[in-house]
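# Secondary and tertiary structure notes
The primary structure of each chain is shown beneath.
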Number of protein chains: 2
Amino acid sequence: MRRLEPEDLVLVLGARPPSDVGAWLRDGLRDAVASGRLEAGAALPSSRSAAAGLGVARGTVAAAVDELVGEGVLESRPRSSVVVADLALRPRGTAPGPARPGVATERPASVGSPDPGLFPRAAWARAVRDAMRELLDAELGYPDPQGLLVLREALAGHLRTARAAPVEAEDVVIVSGVAQALALLGQVLAGGDPAGRVVVEDPASPGVVEQLRGAGLDVVPVPVDERGLRTDGLPDAAAAVVTPAHQFPLGVVLAPDRRRELVAWARDGDRLLLEDDYDAELRYDRQPVGALRGLAPERVALLGSVSKLLSPALRLGWVVAPPGVRDALVDAKRRADLGCSVPEQAAFARLIADGAYARHLRRARLTYQRRRGLLLDALARDAPHVPVEGVAAGLHLVVRLPDGDAEARAVSALRAAGVPAEPLSGTAARGDTRGVVVGAARVQGPAVPRVVEILRAAAVGAGVGV
Amino acid sequence: MRRLEPEDLVLVLGARPPSDVGAWLRDGLRDAVASGRLEAGAALPSSRSAAAGLGVARGTVAAAVDELVGEGVLESRPRSSVVVADLALRPRGTAPGPARPGVATERPASVGSPDPGLFPRAAWARAVRDAMRELLDAELGYPDPQGLLVLREALAGHLRTARAAPVEAEDVVIVSGVAQALALLGQVLAGGDPAGRVVVEDPASPGVVEQLRGAGLDVVPVPVDERGLRTDGLPDAAAAVVTPAHQFPLGVVLAPDRRRELVAWARDGDRLLLEDDYDAELRYDRQPVGALRGLAPERVALLGSVSKLLSPALRLGWVVAPPGVRDALVDAKRRADLGCSVPEQAAFARLIADGAYARHLRRARLTYQRRRGLLLDALARDAPHVPVEGVAAGLHLVVRLPDGDAEARAVSALRAAGVPAEPLSGTAARGDTRGVVVGAARVQGPAVPRVVEILRAAAVGAGVGV
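About the thresholds
- Residues numbered from 1 in each chain as written.
- Chains lettered and ligands numbered in written order.
- Predicted model: local features only at pLDDT ≥ 70, side-chain atom pairs only at ≥ 80, totals over all residues.
- Heavy atoms only, no water.
- Helix = DSSP H or I, 4+ residues; strand = E, 2+ residues; numbered from the N terminus.
- Rg over C-alpha atoms; globule rule 2.2 N^0.38 Å.
- Buried < 20%, exposed > 50% of the residue type's maximum accessible area, 1.4 Å probe, protein only.
- Contact = heavy atoms within 4.5 Å.
- Areas by Shrake-Rupley, 256 points an atom, 1.4 Å probe, with all protein chains shown as cover.
- Lys, Arg positive; Asp, Glu negative; His and termini not counted.
- Charge placed at Lys NZ, Arg CZ, Asp CG, Glu CD.
- Buried area = accessible area lost by both parts, 1.4 Å probe.
- Salt bridge = Lys/Arg side-chain N within 4 Å of Asp/Glu carboxyl O.
- Polar contact = N/O pair within 3.5 Å; in protein donor to acceptor, adjacent residues only side chain to side chain.
- Nonpolar A, V, L, I, M, F, W, Y, C, P; charged D, E, K, R; others polar.
- Pairing = 2+ DSSP bridges.
- Axes fitted to C-alpha atoms, helices over the stretch in contact; angles between N-to-C directions.
- Domains from an automatic or database assignment.
- Least-squares fit on C-alpha atoms with pLDDT ≥ 70 in both.

This brings us to the overall build of chain A. Of the regular secondary structure elements, chain A holds 14 helices and 14 strands. In summary, chain A has a C-alpha radius of gyration of 23 Å against a globular reference of 23 Å for 466 residues, a match within 12%. Across the 466 residues of chain A, 59% fall into the buried class. In chain A, the proportion of contacts linking residues at least 24 apart, taken out of those at least 6 apart, comes to 74%. Carbon together with sulfur atoms contributes 52% to the accessible area of chain A, which is approximately 17,300 Å² in total. Averaging the positions of the 57 positive and the 57 negative side-chain charges in chain A gives two centres separated by 5 Å.

This part covers the interface of chain B and chain A. At the junction of the two partners, chain B supplies 67 residues and chain A supplies 68 residues. Surface buried jointly by chain B and chain A totals about 5,800 Å² across both partners, of which 54% is contributed by carbon and sulfur atoms. Contact with chain A buries surface across chain B, with R121(B), D137(B) and Y142(B) losing the most and accounting together for 12% of the total. For the pair chain B and chain A, the interface holds 4 salt bridges. Here chain B and chain A share 22 residue pairs in polar contact (both at pLDDT 80 or more) between them. Sorting the residues of the side of chain B that touches chain A by element identifies helix 2 (21-35), helix 5 (121-134), helix 6 (149-163), helix 7 (178-190), helix 8 (206-214), helix 10 (323-337) and helix 11 (342-353) of chain B as the ones contributing at least two each. Element by element, the count of residues in the side of chain B that touches chain A is highest for helix 5 of chain B, at 8 residues. Considering only residue class, the side of chain B that touches chain A consists of 32 nonpolar, 14 polar and 21 charged.

Residues and elements named next belong to chain B. Within the open sheet, the 8 strands sit side by side as 3-10-9-8-7-4-5-6. Their pairing is mixed. Each of the sheet's edge strands pairs with one partner strand only, and the pair in question is strand 3 (172-175) and strand 6 (228-229). Here 2 bridges tie strand 5 (residues 218-225) to strand 6, and the two strands are oriented antiparallel to one another. By the bridge assignment for strand 6, V224 is matched with L229. The sheet strands contacting helix 7 are strand 3, strand 7 (239-242), strand 8 (272-276), strand 9 (300-305) and strand 10 (317-320), and the helix crosses strand 9 at an angle near 155°. Lying on the sheet, helix 9 (residues 256-268) is in contact with strand 4 (197-202), strand 5, strand 6, strand 7 and strand 8; it crosses strand 8 at an angle near 140°.

Further remarks concern the domain arrangement of chain A. Residues and elements named next belong to chain A. Assigned domains of chain A: these are domain 1 (6-88), domain 2 (122-357) and domain 3 (359-459). If you average the C-alpha positions of domain 2 and of domain 3, the two centres end up 26 Å apart. On the side of domain 3, 24 residues touch domain 2, which itself brings 29 residues to the contact. Both faces considered, domain 2 and domain 3 share a buried interface measuring about 2,300 Å² in area, 59% of it formed by carbon and sulfur atoms. The tally of links between domain 2 and domain 3 comes to 1 salt bridge.

Least-squares fitting of chain B to chain A yields an RMSD of 0.2 Å, with the superposition described by an axial translation of 0.0 Å and a rotation of 180°. Here the two chains are linked by the operation of a two-fold rotation axis. When the interface residues of chain B are mapped onto chain A, 100% of them are again interface residues, pointing to one common binding face.

Our focus in this paragraph is the sheet that holds strand 3 (residues 172-175) of chain A. Residues and elements named next belong to chain A. Spatially, 8 strands are ordered 3-10-9-8-7-4-5-6 in an open sheet, and the strand pairing comes out mixed. Here the strands that pair on one side only, and so sit at the sheet edges, are strand 3 and strand 6 (228-229). Bridge count for strand 4 (residues 197-202) against strand 7 (residues 239-242) is 3 bridges, and the pairing is parallel. Across the sheet, V200 pairs through a bridge with V241, a residue of strand 7.

Here it is, written out as C-alpha cells:
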C-alpha cells in the first residue's frame with residue numbers, strides 16, 4: 001500500500017485559498033479521488049502531518065476526512081489509516097456526495113459524456129456567488145435573447161485564441177446547448193432553398209440527425225473516409241453539418257483540401273456550414289486544428305457547448321454566426337424560451353474571465369490524455385489486433401467490427417461493465433458500418449483490463465486481425 | 001432624519017449565520033435598502049453600536065458599510081453619519097452592484113417584472129453552493145428532460161399547498177419558463193383536432209398570443225368581463241389558455257360558475273385547458289383562489305414559473321400536466337434542448353425545501369402589498385377619478401382610458417419616468433379596449449406622486465370621471 005506524503009496533497013490541492021479552507025480541502029480531495037489523481041488504495045498521511053504540510057488546522061483536516069469517509073470517497077481502515085476508495089467501478093449514481101431522498105433513477109451516460117468527477121464544483125459555486133454579487137438589478141429582469149454581453153465578450157476572447165477563428169461578441173448567440181442550436185438553426189433552414197435539405201456526415205451523431213429531422217429537414221448523408229467528409233460530388237442542399245476538428249464518431253480530421261472544397265461548395269450555392277465543434281478543445285497530441293470558421297466567417301456558423309468540456313448538466317452552448325443567420329437565430333431563441341438563465345451565463349463568464357475555465361480545460365485534457373494513453377497501451381499489449389481509429393482527442397474510441405453479432409455483444413458487455421457504449425451501426429446510414437463507440441472518459445483503474453478483454457473478445461469473435 | 005437603532009438592523013437581517021457573516025451583513029443590508037425595508041435617508045447606527053447589537057466584529061460592519069457606500073446603496077454624509085440611499089428613482093441599470101465592463105444596453109422591464117431588488121441573491125448563491133456539494137456525479141451528466149426528480153418533488157409539495165391542486169412529482173415537467181411551456185404545448189396542440197385552434201382571453205398577454213401563433217396555432221379571442229372569461233358560446237377549439245386566478249391584464253378572478261362551464265366545455269370536446277398561473281401566489285387580500293386544475297386534473301395543464309415570484313432572469317418554469325400531454329411535452333422538451341440546467345434545478349429545489357422560497361414569497365407579498373396600498377391611497381386622495389381595475393394582487397395595475405391619444409401619452413410619460421407601461425389596446429383583439437397597464441412592482445417613494453400625476457392627467461385628458 002502506497003502511503004501519500006503531505007506534498008502529494010499539496011500537489012493535487014494547489015494553493016490554499018484565503019477563506020473557505022474546509023470546503024477547499026473537502027472538494028479538492030473529492031475531485032482528486034474521483035478523477036484518479038489520488039490512486040485507489042493509497043493511504044493518506046496522518047491528519048497531524050497533513051495539517052502541517054497544508055498549513056491548515058488539524059481539526060479542519062479531520063472534519064474534511066470524516067465527511068469524505070461518510071460519502072465513501074475515503075475509507076477508514078484498521079490501525080487508524082484512511083485510504084482512497086476505489087470509485088472506478090462503483091455503480092454510477094452512488095458516489096460521491098452524501099445520500100439523500102429524491103434521487104432520480106440513473107440515466108445512462110452517453111459515449112460523449114465527460115467525467116463528472118472532474119467538474120469543478122467549488123469553482124462553479126464561487127462563480128455563481130460572485131455573479132450574484134456583481135449582476136446589476138437591471139440584469140435580473142428578462143434576459144437578452146442573444147445572451148448576456150459579458151459572456152459573449154468572454155467567449156469571443158476564448159474562442160479567438162482556442163479555435164483560431166474570428167469571433168466578436170456581436171456574432172455570438174448563447175443557447176441551451178448544441179441540441180437547441182440545431183433545433184433553432186433547423187427552423188431557420190427549414191425556410192431555406194433548396195427547401196430544408198441538409199447534408200450530414202455518414203456516420204454522424206444520431207442525436208444530431210434526430211434534431212435536424214425534428215425541425216422538418218430532409219437529411220442527406222455523405223460518406224466520411226480517413227480524410228473526413230468526402231467533398232467530391234456534394235449534393236445540392238441549403239446547408240451541411242460537419243465536425244471538422246474531430247469527426248464524430250470516426251475521430252478523423254477534415255483534410256485541408258477538403259476544407260477548401262467544402263467552403264467553395266458553400267460559397268457557390270449561398271449555403272451555410274454548421275461547424276459542430278463539440279470536443280475540438282480536447283486534442284491531446286497537438287493544438288487542435290483551427291475552426292473552419294476561420295476560412296469563411298460569412299459562410300460558417302460555429303457551434304459549441306460546455307457539454308464535453310465542463311458538464312452537459314449545465315445546458316449552455318453558443319453559436320458564432322454570420323449576421324443574417326444570427327438575427328434569425330436570436331429571433332428563434334426568443335420564440336423558443338426568451339433566452340438563457342442570466343445567473344448561469346454570468347457565472348460561466350466569470351469562470352472564463354478569472355482563468356478557472358482555462359485551468360479546468362488544461363486539467364481535463366491532461367486527465368483524459370493519461371487515461372486514453374493507459375487504455376491504448378493496455379490494448380496494444382494485450383489485444384494488439386483490436387483496430388482503434390481516430391486521432392488522439394476527445395472522450396470516445398471507435399473500434400470497427402465487421403460482424404453485427406460481435407457489435408451487439410461488445411455494446412452490451414461494455415454497458416454491463418458500466419462503460420457507455422453505442423453500436424457504430426446506429427450512427428451510419430450505410431449498412432456495412434459496424435463496430436462499437438466506447439465512452440472512454442471514465443475508464444481507468446480496474447476498468448481498463450475489463451474494457452480490453454471485452455474488445456479483444458469482440459475482435460476475435462468478428463475475426464478481426466486474426 | 002430618522003436614526004435607525006441596532007434593533008432595526010436585527011429585524012431586517014434576521015439571525016446571524018454561523019459563517020460568511022460579512023456576506024450576510026452586506027447582502028442583507030443591500031436587499032433591505034433595495035426593497036425599501038430600510039427607508040431612504042434614514043441614518044445607520046454607529047458601527048460600534050451596530051456591531052454590538054448584531055453580535056459581530058466592528059471591522060466586519062465597517063467593511064460591509066464601506067462596500068455598500070462604494071456601490072451607492074449607502075451614502076456617507078458629513079459628521080460621519082451613513083444614510084440609506086434613495087434607490088427608488090435611480091436610473092435602472094446602475095445600482096446596486098459594483099460597476100464593471102461589459103454591461104449590456106439596458107433592456108426595458110416588462111409590466112409583469114418583479115422588483116429585482118427583492119431577489120434573494122445571497123440565498124440563491126447558497127442554494128447553488130449546497131447543490132454543488134450534494135448533487136451526485138451521475139446527476140452531472142445529461143439531464144432528465146422531464147426535470148430533476150428532487151425539484152419535481154419539492155414543487156409538487158409546494159403547489160399542493162399553495163395552489164390547492166392535486167400535483168404529484170410524476171405530473172410535473174420542468175421547462176425554461178412559461179414562454180417555453182407555451183411554445184412546446186403549442187407544438188403538441190398543433191397536431192390536435194380541430195387542427196391547431198386555441199381559445200385565448202381578450203384582452204390577453206401579447207407575449208402569450210405571439211408564442212401560440214409562433215407554434216402555428218390559430219388563435220380565437222373570447223371576451224373577458226368583470227367575472228372573467230365569458231363561457232357562453234365558447235367556440236370549437238383544441239384548447240383554451242386562461243388566467244383564472246388573476247386575469248392578465250384586467251386583474252379579475254374567474255367566477256365559480258364560469259370555472260365549471262369551462263371545465264364542462266373541455267370535457268365535452270376532449271379539450272385541454274392551459275391554466276397560466278403566472279402570478280397567482282401574489283394575492284394580497286386573501287389566499288389565492290385554488291387552481292382550476294383542482295376541478296379537473298385530467299383536463300388542465302397548470303403552467304407556472306419563477307418569473308414573477310423570484311426573477312425572470314432564471315428561466316425556470318413548470319407544467320403540471322395530464323399524463324398524455326405530459327409525455328408529449330417531455331418529448332417536445334427533449335427535442336427542444338434536452339432538458340433544463342441541473343445545478344439551477346437543484347438550487348431551486350433546495351430553496352423550496354429549506355424554506356427560503358416560502359420566506360421570500362412572504363416578504364415579496366408584504367412588500368408589494370405595501371407599495372400597492374401606498375399607490376392606491378395616493379390615487380384615491382389626489383386623483384379619485386382614475387378608475388383602477390382588478391383585485392388586490394400581482395405586479396401591475398390597469399387603468400381604462402377611452403381615448404387612444406390619452407393612452408399613448410400615459411404610456412410614454414410613464415416610460416419616461418422609468419415605470420414600465422404598456423397600452424391596453426396592445427393586449428386586446430377588440431378596438432375599443434384602451435388604457436394603460438402599469439408595472440407597479442418598483443413604484444415607491446418619489447415615484448408615487450409622479451405616477452399619480454401622470455394617471456390623473458391622462459384621465460382628465462380622456463374625460464374619465466370628470
